[in-house]
Amino acid sequence: MRITCPYCGPRDEAEFAFRGDATVARPPAEAGADAFAAYLYDRANPKGWHVEWFQHALGCRQWLRVERHTVTHEIRSVVAAVGSTE
Amino acid sequence: MSRIAAGGRIDRSRSLHFRFDGTAFEGHPGDTLASALLANGVRLVGRSFKLHRPRGIFSAGVEEPNALVALRSFARHEPNTRATVVELFDGLVAESQNRFPSLRFDVMAANQLLDRFLSAGFYYKTFMWPKSFWETVYEPLIRRAAGLGKATQFADPDRYDAMHAHCDVLVVGSGPAGLAAARTAAEAGCRVILAEQDFEFGGGILREPAHEDWRAAQLAALAAIPDVTLLSRMTVFGAYEHGEFGAVERIADHLPEPRPHLPRQRMWTIRAREAVIATGAFERFVAFPGNDAPGVMLAGSAASYATRFAVRAGERAILFTTHDAAYDDAFALQDAGAQLAGIVDPRPDSAAQQAARARHITVHAGCEISATGIDRRTLSSVTVRERKDASREVVPCDLLMVAGGWNPAVHLLSQAGTPLTWHEGMATFVPGTMPAGLHAAGLVAGAWGIAQCASSGAEAGATAARACGRDAVAPHLPAAGAIPDTSVMPLWEVNGKGKAFVDIQDDVTADDIRLAHREGFDHIELAKRYTTHAMGTDQGKTGGILGAAVLAEARGEPVSRVGLPKFRPYTAPVTWGALAGEHVGRHFQPTRRTPLHDWHVTRGAVMMETGLWLRPAYYPVPDDADAWASVIREGRAARRKVAVADVSTLGKIAVSGPDAGKFLDLLYTNTFSNLPIGRARYGLMLREDGIVFDDGTTSRFGPHDFYMTTTTANAAAVMSHMEFHHQAVWPELDVQYSSITDQWAGMSICGPCARAVVGSVVDLDIANQAFPFMAVKNCRAAGVPAKLFRISFSGEMAYELHVPAGYALHVWEAVLRAGEPHGIAPYGLEALGLLRIEKGHVAGSELNGNTSAHDLGMERMLKKRGDFIGRTLADRPALKDPARQRLVGVRPVRRDQKISGGYHLVARLGETQSQGFITSVTQGAEVDGWLGLALLANGPERIGTHMIAASPLHSAEVPVEICSPHFVDPENARVRA
């Protein structure tokens with residue numbers, strides 16, 4: 001699998017570290033235990049398009065939001081965390 | 001001898017000598033081991049997996065289920081190698097497998113007497129009684145009886161290489177379709193890689209001498225184009241995402257030994273824009289009683305032995321076929337000098353049947369084979385049975401050619417996501433719509449005949465070239481020939497008395513499939529695993545679909561509804577050596593050395609691996625009786641005089657910027673934004689779920705300048721953790737951070753004389769008031785830039801001196817010179833551990849991913865105000881419960897007794913309810929005997945009580961007292977002295 005890093009260009013999967021679901025955001029500090037538990041543990045786990053965190057660990061060290069199809073592994077978009085509004 | 005006098009692709013001018021089961025034979029270059037054995041009249045080559053039935057050579061290719069031999073000996077001994085793909089070389093030595101004492105007389109053939117009890121899945125229903133027999137009788141017996149070949153116990157002397165390649169078009173298979181596709185794409189200007197698993201290019205053409213000129217012309221043209229890579233002896237075993245393919249190239253398998261400086265095999269990772277799969281098809285057999293006898297062979301393979309290898313696989317042959325094309329295979333045997341004793345065809349009539357009669361071959365139309373006869377372990381006759389009235393005739397023969405139809409080799413296509421569809425005419429699965437970037441050409445796509453396959457290949461090559469932005473020119477096609485009627489009568493099974501196998505390697509019969517269905521394993525994936533059908537090294541290439549068909553009939557559904565089990569890599573066996581490549585031994589992982597590594601080694605340190613690092617464990621001197629004597633001596637030097645340790649491996653991260661303090665406040669449970677300049681502070685880091693992640697000492701050198709340390713093991717993880725939270729969670733923070741672990745060396749100088757030693761090396765006033773406990777300062781040490789920290793892991797008065805890595809040795813030696821009058825000793829990782837355990841400092845064994853701040857007695861470090869990672873979930877009652885296993889110290893009641901890490905703490909002797917366990921142990925430098933840290937339920941409340949430290953594995957039951965984890969100087973007087 002290849003991922004196109006917005007800074008470094010197309011690179012082999014082996015250069016990246018995978019973290020997990022990027023559709024969940026850290027709740028505000030006072031949101032409570034249920035919100036933080038959901039942030040850590042509740043996952044939609046879709047069969048299909050998924051947005052997930054990859055870090056270009058062996059390259060520019062930037063965290064990237066990657067849109068990947070969980071069945072075909074097709075990659076639709078790669079956006080750096082820094083500078084993307086969400 | 002069964003060698004045909006003329007023809008074939010063998011070099012009769014040279015003879016190759018080889019041995020099989022101790023007997024010497026001769027063959028020629030161009031032979032496989034199988035063709036050479038057949039040429040020498042060897043019909044018996046193995047014994048089947050479960051029932052130890054005699055087996056002969058079944059095919060002429062990678063689909064071979066039977067002829068598994070062990071090649072070579074000692075370190076290069078190679079079990080389970082298919083004789084049909086072994087290129088014969090001079091001096092080859094092969095042994096048959098799975099038989100004792102010999103192929104002819106195998107005692108395990110007695111299994112056949114028990115065959116009624118050895119049906120599919122028998123092991124799920126047996127070996128249960130009596131219970132004690134499992135470990136003592138059944139398991140050892142099964143271990144000895146199971147499996148085929150035996151692996152060598154010696155280390156592999158050969159090297160294995162790895163290659164990464166990119167291309168525009170990867171063509172897999174060099175038959176007419178592959179050759180045409182490769183040439184078309186290459187002439188359009190594409191970079192082409194052509195991979196062929198055989199040692200000769202040509203695929204099906206290799207047994208069609210009439211098309212040899214065309215084959216040679218394509219190869220010559222391809223060899224002349226610079227951007228074409230031709231690779232024979234190369235098996236593409238897997239199709240992965242994004243056009244990535246895995247392949248293994250057998251560089252030296254056909255040589256007695258690899259040539260010097262060359263690897264034995266090479267693993268290729270190929271990234272292709274477009275791929276043309278031209279892998280052809282595998283012939284299938286039919287499940288009839290006795291279809292496993294030596295002498296039963298696939299029809300196309302028998303013809304291949306005749307035309308490519310000039311070997312008659314038998315003298316008196318019968319063909320059993322369900323379609324016309326196989327008749328040509330029978331004719332090839334006849335042309336090679338074999339007597340055709342008959343053709344058995346379940347169909348009433350066809351064009352081929354008439355052609356056969358014209359050759360004076362008896363055709364038994366509307367008939368099937370219902371049994372085989374064996375004499376001296378090889379085929380001697382077949383029973384031909386009329387389908388209408390069941391009348392029988394026994395026909396003598398020594399070769400039965402079976403032609404059930406052809407199954408396109410869709411493995412790579414399916415792995416890459418191509419669905420399979422049912423083809424009525426061919427009665428098999430063919431590829432459906434392919435995903436982008438993937439093309440199927442030739443027989444694998446259902447084309448038939450050299451010309452049609454070449455045309456299909458040229459078209460695929462042109463389409464692939466166009467997808468790469470290049471225009472294709474007119475293809476070079478062979479002359480078109482007559483295409484026979486390719487329709488196949490779907491005949492999967494013949495009923496009758498005796499075992500009708502659907503998997504010849506694993507001894508799975510049609511009855512076994514029906515048994516699986518009766519027992520509820522009616523999905524193809526379940527039936528496969530329950531019976532082990534198609535799970536052998538041949539992966540059911542010749543009989544997989546038979547099992548699906550038998551299952552379909554049992555379910556009353558068409559075969560297309562049952563389908564085939566999912567295709568996954570690898571398509572053929574791949575050696576571990578090829579997968580490991582150069583990553584073996586010391587090269588399995590990188591080795592990290594500290595800047596002082598050479599000094600430690602020269603000093604005679606016993607080095608140990610911690611993660612990727614090599615660190616000194618201890619520095620033995622001649623007077624030390626054993627390892628612990630060294631460690632205790634070093635520990636005592638640290639507690640009584642002065643000692644120095646290399647702590648360069650600790651993670652170090654420079655954190656700077658206006659929001660550096662704020663960032664640290666979010667990372668740590670305690671506050672760093674208020675840390676005064678010139679001070680260090682111990683910090684605790686949690687995971688977001690409230691479990692302790694890491695700890696370290698972070699110092700402030702300026703208003704926007706922090707120097708963070710982490711544990712050695714977590715340095716990389718903490719860095720990633722910081723990067724994620726800054727980039728993804730708090731991008732508004734104005735902070736920068738970089739890893740400087742390798743850029744700075746660190747040494748820890750501790751002991752009552754530490755101040756005197758350090759004071760004479762650095763240019764600072766380090767009197768207690770000028771430089772109190774937890775002070776930090778930039779300075780110069782032995783004339784070079786340095787950072788001095790007054791922090792203590794050992795519990796003694798201590799300093800850490802960090803210098804740029806290039807100056808490490810210079811400063812280390814200066815410290816040693818300054819310490820000599822005080823009796824300074826270097827101390828290693830073991831003594832580091834001894835000191836911190838005596839002091840009660842937690843480390844990796846306690847920060848084990850399960851402990852909370854409360855468990856470690858650090859709840860007061862959780863700041864009351866302000867957000868930090870892990871704050872909310874650390875507050876969950878279950879993580880603060882006193883009944884959790886919490887940090888305590890532990891000592892044997894009798895000081896001469898030993899305790900070990902992992903021992904469980906139980907209330908009394910014989911009790912099996914564990915209350916906790918010992919996490920770290922050491923012999924004491926100041927404390928007498930063994931001591932340790934432990935995590936114990938209600939731990940701190942049980943200080944002063946006695947328990948038993950138990951380990952049934954070590955037959956240990958040691959009475960221990962629970963005490964404070966701080967064995968030495970609990971008031972911290974020494975560190976503040």
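For the structure itself, consult the block above.
Because the structure is a prediction, the values reported are computed rather than measured. (Residues numbered from 1 in each chain as written. Chains lettered and ligands numbered in written order. Predicted model: local features only at pLDDT ≥ 70, side-chain atom pairs only at ≥ 80, totals over all residues. Heavy atoms only, no water.)

Asks: I tried to follow the overall build of chain A on my own but got confused; where do I start?
Replies: Each helix and strand counted, chain A has 1 helix and 6 strands in total. The order of helices and strands in chain A, counted from the N terminus, is β-β-β-α-β-β-β. Reported as C-alpha extents along the three principal axes, the dimensions of chain A are approximately 40 × 25 × 20 Å. Expressed as a percentage of its 86 residues, the buried residues of chain A come to 37%. Considering only residue pairs separated by 6 or more positions, chain A has 44% of its internal contacts joining residues 24 or more positions apart. Accessible area for chain A stands at about 4800 Å²; split by element, carbon and sulfur atoms hold 52% of it. Taking the 10 positively charged and 11 negatively charged side chains of chain A as two groups, their mean positions are separated by 4 Å. (Helix = DSSP H or I, 4+ residues; strand = E, 2+ residues; numbered from the N terminus. Buried < 20%, exposed > 50% of the residue type's maximum accessible area, 1.4 Å probe, protein only. Contact = heavy atoms within 4.5 Å. Areas by Shrake-Rupley, 256 points an atom, 1.4 Å probe, with all protein chains shown as cover. Lys, Arg positive; Asp, Glu negative; His and termini not counted. Charge placed at Lys NZ, Arg CZ, Asp CG, Glu CD.)

Asks: Explain the pairing of strand β12 (residues 244-250) of chain B here, please?
Replies: Walk down a regular strand and you will see the side chains alternate between the two sheet faces. Residue and element names in this part refer to chain B. Summarising burial for β12: 6 of the 7 residues are buried, a large majority. Bridging between strand β11 (residues 234-239) and β12 involves 5 bridges; their strand directions are antiparallel. In the sheet register, T235 faces β12, and the bridge partner there is V248. Hairpin remark: β11 followed by β12, antiparallel, with 4 residues in the connecting loop; positive phi at H242, about 55°. Where β12 lies against strand β13 (residues 265-277), 7 bridges are found, and the strand directions are antiparallel. Each residue of the ladder has a partner; that of E249, found in β13, is R266. (Pairing = 2+ DSSP bridges.)

Asks: I'm lost on the pairing of strand β24 (residues 420-423) of chain B in this one. Help?
Replies: Residues and elements named next belong to chain B. Where β24 and strand β25 (residues 428-431) come together, 4 bridges link them in antiparallel fashion. Looking at β25, one finds that L420 is bridged to P431. Taken together, β24 and the strand that follows it, β25, pair antiparallel across an intervening segment of 4 residues, in which A427 is found at a positive phi of about 50°.

Asks: Sorry if this is basic, but what is going on with the nonpolar core here?
Replies: As a rule of thumb, nonpolar side chains are buried together in soluble globular proteins. All names here are of chain B. Ranked by internal contacts, the top residues of the largest apolar core, which has 53 residues, are F20, L33, L37, I57 and L92. Counting residues per element, this core draws most heavily on helix α1 (residues 33-39), which supplies 6 residues. Formed by 46 residues, the second largest nonpolar core is a distinct cluster that contains F288, L379, V384 and V502. (Core = buried A, V, L, I, M, F, W, Y, C linked by side-chain atoms within 4.5 Å.)

Asks: I would appreciate a short explanation of a nonpolar patch on the surface in the present structure.
Replies: All names here are of chain B. Taken together, the side chains of Y240, Y570, W576 and L579 make up a nonpolar region of the molecular surface, amounting to roughly 450 Å² of accessible area. The residue L579 is located in helix α14 (residues 576-580) in this model. The exposure class assigned to L579 is partly exposed, which follows from its relative accessible area of 35%. (Patch = residues over 30% accessible without salt bridge, like charges linked within 9 Å, V, L, I, M, F, W, Y side chains within 5 Å. Salt bridge = Lys/Arg side-chain N within 4 Å of Asp/Glu carboxyl O.)

Asks: Would you mind going over the side chain of S59 of chain B with me for this structure?
Replies: Checked against the element boundaries, S59 of chain B lands in the loop between β4 (54-55) and β5 (68-71). Excluding its chain neighbours within four sequence positions, the residues that come into contact with S59 of chain B are E64, T84, M297, L298, S301 and Y305 of chain B.

Asks: What am I meant to see in the pattern of salt bridges here?
Replies: Side-chain pairs of opposite charge can arise whenever the charged atoms involved come near each other. Residue and element names in this part refer to chain B. Tallied over the entire structure, the rule returns 64 salt bridges over all chains. The residue E525 makes a salt bridge to R529 at a minimum N-O spacing of 2.6 Å. Remark: R529 and E525 occur in helix α11 (residues 524-531); sequence separation between them is 4 residues, near one turn of the helix. Residues participating in the shared-partner salt-bridge network are R72, R76, E78, D158, D253, E257 and R264.

Asks: Is there a simple way to think about the interface of chain B and chain A in this case?
Replies: The figure often quoted for interface size is the accessible area lost as the parts come together. Each partner contributes to the interface: chain B provides 23 residues, whereas chain A provides 25 residues. In terms of surface lost to chain A, no three residues of chain B exceed H242, F724 and Q727 of chain B, which account for 31% of the buried area on that side. Counting the contacts that link chain B with chain A gives 5 salt bridges. Salt-bridge contacts for E723 of chain B lead to R61 of chain A; the nearest nitrogen and oxygen are separated by 2.7 Å. The tally of links between chain B and chain A comes to 13 residue pairs in polar contact (both at pLDDT 80 or more). Residue assignment for the side of chain B that touches chain A shows that the elements contributing at least two residues are α18 (715-729) and α22 (871-874) of chain B. Taken together, the residues that form the side of chain B that touches chain A break down as 8 nonpolar, 7 polar and 8 charged. (Buried area = accessible area lost by both parts, 1.4 Å probe. Polar contact = N/O pair within 3.5 Å; in protein donor to acceptor, adjacent residues only side chain to side chain. Nonpolar A, V, L, I, M, F, W, Y, C, P; charged D, E, K, R; others polar.)

Asks: Would you take a moment to explain the packing of helix α10 (residues 510-518) of chain B against helix α12 (residues 544-555) of chain B for this structure?
Replies: When two helices pack together, you describe them by how their axes are tilted relative to each other and by the distance separating the axes. Residues and elements named next belong to chain B. The N-to-C vectors of α10 and α12 enclose an angle of 45°; their axes lie 9 Å apart at closest approach. Overall, the two elements α10 and α12 adopt an arrangement that is oblique. For α10 against α12, the interelement crossing comes out right-handed. Two secondary-structure elements touch here, α10 through A510, I513, R514 and H517 and α12 through G547, V550, L551, E553, A554 and R555. A per-class count over the contact of α10 with α12 returns 5 nonpolar, 2 polar and 3 charged. (Axes fitted to C-alpha atoms, helices over the stretch in contact; angles between N-to-C directions. Parallel < 35°, antiparallel > 145°, perpendicular 65-115°, else oblique. Left-handed = near helix turned anticlockwise from the far one by under 90°.)

Asks: Honestly, the sheet that holds strand β6 (residues 75-80) of chain A in this entry has me stumped. Any pointers?
Replies: Pairing between the strands of a sheet is mediated by backbone hydrogen bonds and can be parallel or antiparallel. All names here are of chain A. Taking strand neighbours across the sheet as the criterion, the 4 strands line up as β3-β4-β5-β6 in an open arrangement whose pairing is antiparallel. Strands with a single pairing partner mark the edges of an open sheet, and in this sheet they are β3 (17-21) and β6. On average, adjacent strands in this sheet sit at an angle of 30° to one another, irrespective of strand direction.

Asks: Mind showing me how you'd approach the environment of A188 of chain B here?
Replies: Residues and elements named next belong to chain B. With respect to the secondary-structure elements, A188 resides in the loop between α3 (176-187) and β9 (192-195). Separated by 276 residues in the primary sequence, A188 and A464 place their C-alpha atoms 10.0 Å from one another. Contacts of A188, omitting those with residues within four sequence positions, involve A465, R470, D471 and A472.

Asks: Even after reading the chapter, I still don't get α10 of chain B, so can you show me in this structure?
Replies: Since there are 3.6 residues in each turn of an α-helix, residues three or four apart along the chain are aligned in direction. Residue and element names in this part refer to chain B. Burial in α10 covers these residues: A510, D512, I513, L515 and A516. Residues of α10 that are buried make contact with β27 (501-503), β28 (508-509), α11 and α12. Immediately downstream of α10, the backbone of G520 shows phi near 100°, a positive value.

Asks: What exactly am I supposed to notice about the side chain of R264 of chain B here?
Replies: All names here are of chain B. Looking at the element boundaries, R264 is found in the loop between β12 and β13. Here R264 falls in the buried class, since its relative accessible area comes to 6%. Of note is the side chain of R264, whose polar atom sits 2.7 Å from the side chain of D253. Non-local contacts of R264, meaning those with residues more than four positions away in its chain, are made with R72, R76, E78, D158, R159, Y160, R250, I251, A252, D253 and P258.

Asks: Please explain the environment of A637 of chain B as it appears in this structure.
Replies: Residue and element names in this part refer to chain B. With respect to the element layout, A637 can be found in helix α16 (residues 627-640). For A637, a relative accessible area of 7% gives the class buried. Considered as a pair, A637 and V890 are 253 residues apart in the sequence and their alpha carbons are 24 Å apart. Ignoring anything within four residues of it in the chain, the contact list for A637 reads V642, A643 and A825.

That's the geometry; what it means functionally is another story.
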